[in-house]
Amino acid sequence: MTEGRAMGGYAKTFILMAALTALFMGIGAMIGGAGGAVLALVFAAGMNLFGYWNADKAVLRMTGAREVDLSSAPEFVGMVHRLADGAGMPRPKVYVIETDQPNAFATGRNPENAAVAATTGLLRRLTAEEVAAVMAHELAHIQNRDTLIMTVTATFAGAIAMLANFAMFFGNREKAGGVLGLIAVMIFAPMAAGLVQMAISRSREYEADKAGAAICGNPMWLASALKKIDAFAKGIDNVQAERNPAVAHMFIINPLHAHRRDALFSTHPATANRIAALEALAAEGKRWGKVGVQARGPWT
């Protein structure tokens, strides 16, 4: 099963990188013709290598995350470690983001090189069980090999938006399409990257919810957490995410709700639908969790 997840994750990542590289080359051609396409190909190759080895670090920097350990955040880090141990996976690095909006995400190229991050708002505003459920959801993303493709998409989406803006100022206006073509690139290239983000995130959130419920021991903990996070996100700014909207799809709930930037394309499935799916799981009456997290509590 683990090998199947790994192969599927790597295949999806390869397809994503190929698609975004082609988009890069198209923008490069609009800017500088054949020479621009070649330069864009070289740049995309560098981005691919960077994305595989360093995209997680870039995302953590963009969100202002700081690493914590058992000495600086013993309860939180200890809980993440126990959840990871119970799921039979390597312990990820643990980070905290200074913002009042409750939220969290996971990143890393594989389970052996992964990290989870939670906002200070999440740790303050949610119960211990709800925090455990949220972190279990993020561990599920790592376990399902979602984090590499989600992290690479975040870095590429930001780069594509930047390159599309360059096209407007430095593009070849004498080519077929001229200024109108350049404007089309400036508008539709970031939109295409956003659609990739949307497809990836929406298709993986339900699976991570289900697996996260099994890891933490109770689907209703996660349902309650999602309801609270969604409500708070609509009224509390996440400044780091607003400055770097390309990372929005990585969070458990869209952090940009406060400014309604996702009115056209949503990177997350409807929270109400996710909650309904979790409630259906709970109604099945199955005993959740591999190591009795529900009975022991997430902090003990």
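Notes on the structure follow. (Residues numbered from 1 in each chain as written. Predicted model: local features only at pLDDT ≥ 70, side-chain atom pairs only at ≥ 80, totals over all residues. Heavy atoms only, no water.)

## Observations regarding the overall build of the protein
Part 1 of the argument: Helix and strand content of the protein: ten helices and four strands.
Part 2 of the argument: Listing each helix as α and each strand as β along the protein from the N terminus yields α-β-α-β-β-β-α-α-α-α-α-α-α-α.
Part 3 of the argument: In the protein, which comprises 300 residues, the proportion classed as buried is 54%.
Part 4 of the argument: Accessible area of the protein: about 13000 Å², with a carbon and sulfur share of 63%. (Helix = DSSP H or I, 4+ residues; strand = E, 2+ residues; numbered from the N terminus. Buried < 20%, exposed > 50% of the residue type's maximum accessible area, 1.4 Å probe, protein only. Areas by Shrake-Rupley, 256 points an atom, 1.4 Å probe, with all protein chains shown as cover.)

## Some words on helix 9 (residues 271-283)
Part 1 of the argument: With 13 residues, helix 9 should cover 18 Å at 1.5 Å per step; its first-to-last C-alpha distance of 18 Å lies within 8% of that length.
Part 2 of the argument: Those residues of helix 9 not exposed but buried are T271, R274, I275, L278 and L281. The buried residues of helix 9 all sit within an arc of 115° when viewed along its axis, so they share a single face. Among the exposed residues of helix 9, those oriented more than 90 degrees off its buried face are A272 and A283. (Expected span 1.5 Å × (residues − 1). Arc of directions from axis to C-beta.)

## Here we look at the pairing of strand 4 (residues 113-119)
Part 1 of the argument: Of all seven residues making up strand 4, six are buried, and the element is well covered by its neighbours.
Part 2 of the argument: As defined by bridge partners, strand 2 (residues 93-97) adjoins strand 4 across five bridges and the pair is classed as parallel. What sits directly across from V96, in strand 4, is A118.
Part 3 of the argument: For strand 3 (residues 104-110) and strand 4, the ladder comprises six bridges, and the chain directions are antiparallel. For A106, the partnering residue across the bridge sits in strand 4 and is V116.
Part 4 of the argument: Hairpin connection from strand 3 to strand 4: two residues lie between these consecutive antiparallel strands. (Pairing = 2+ DSSP bridges.)

## Some details on the pattern of salt bridges
Any two side chains of opposite charge can pair, on the condition that their charged atoms come close.
Part 1 of the argument: With the rule as written, the count across this model stands at nine salt bridges.
Part 2 of the argument: When the shortest N-O distance is used, the salt bridge between R124 and D100 registers 2.6 Å. Taken together, the residues R124 in helix 3 (residues 120-125) and D100 in the loop between strand 2 and strand 3 connect sequence positions 24 residues apart.
Part 3 of the argument: Among the residues examined, R124 registers a relative accessible area of 55% and is labelled exposed.
Part 4 of the argument: Note that R274 and D209 form a salt bridge whose closest N and O atoms lie 2.8 Å from each other. You can see R274 sitting in helix 9 and its partner D209 sitting in helix 6 (residues 178-216), a full 65 residues away along the chain. Like R274, the residue D209 is buried in the burial classification.
Part 5 of the argument: Sharing partners across several salt bridges, the network here consists of D100, R124 and R125. (Salt bridge = Lys/Arg side-chain N within 4 Å of Asp/Glu carboxyl O.)

## What about unusual backbone geometry?
Most peptide bonds adopt trans geometry, and most residues besides glycine take a negative phi value.
Part 1 of the argument: Here the phi dihedral of R145 falls at roughly 65°; this positive angle occurs in a residue that is not glycine.
Part 2 of the argument: Within the element layout of this structure, R145 appears in the loop between helix 4 (128-143) and helix 5 (147-170).
Part 3 of the argument: Among the residues examined, R145 registers a relative accessible area of 13% and is labelled buried.

## Digging into the sheet that holds strand 1 (residues 66-68)
Part 1 of the argument: Here four strands make up an open sheet; going across it, the order is 1-2-4-3 and the pairing mixed. The open sheet has two edge strands with one neighbour each: strand 1 and strand 3. Going across the sheet, the axis of each strand differs from the next one's by a mean of 30°, ignoring polarity.
Part 2 of the argument: Packing of helix 2 (residues 74-87) onto the sheet brings it into contact with strand 1, strand 2 and strand 4, and relative to strand 2 it is tilted by some 135°. (Axes fitted to C-alpha atoms, helices over the stretch in contact; angles between N-to-C directions. Contact = heavy atoms within 4.5 Å.)

## Description of helix 7 (residues 219-233)
Part 1 of the argument: If you check helix 7, its first and last C-alpha atoms are 21 Å apart, about what 15 residues at 1.5 Å a residue would give, namely 21 Å.
Part 2 of the argument: Those residues of helix 7 not exposed but buried are P219, W221, L222, A223, A225, L226, I229, D230 and A233.
Part 3 of the argument: Capping the start of helix 7 is the job of one residue whose side-chain oxygen sits 2.9 Å from the backbone nitrogen of M220: N218. (Polar contact = N/O pair within 3.5 Å; in protein donor to acceptor, adjacent residues only side chain to side chain.)

## Topic: the side chain of H141
Part 1 of the argument: Locating H141 in the fold gives a position in helix 4.
Part 2 of the argument: The exposure class assigned to H141 is buried, which follows from its relative accessible area of 1%.
Part 3 of the argument: Within the structure, H141 has its side chain in polar contact with the side chain of H137 (distance 3.1 Å).

## Digging into the pairing of strand 2
The side chains of a regular strand alternate, residue by residue, between the two faces of the sheet.
Part 1 of the argument: The buried count for strand 2 comes to four of five residues, which makes it a mostly enclosed element.
Part 2 of the argument: Relative to strand 2, strand 1 is paired through three bridges, and the arrangement is antiparallel. Its bridge partner lying in strand 2, V68 is registered against V94.

## So, the nonpolar core
Part 1 of the argument: Formed by 45 residues in total, the largest nonpolar core has its most connected members in F76, M79, V116, L122, V134, M135 and L139.
Part 2 of the argument: Broken down by secondary-structure element, the contributors of at least two residues to this core are helix 2, strand 2, strand 3, strand 4, helix 4, helix 6, helix 7 and helix 9.
Part 3 of the argument: If you tally residues by element for this core, the top one is helix 4, at nine residues.
Part 4 of the argument: Ignoring any residue separated from it by four or fewer positions in sequence, one finds L139 in contact with V80, L83, A84, M89, P92, V116 and I215.
Part 5 of the argument: Of all hydrophobic cores here, the second largest spans 14 residues; its members include L60, Y95, F105 and F251. (Core = buried A, V, L, I, M, F, W, Y, C linked by side-chain atoms within 4.5 Å.)

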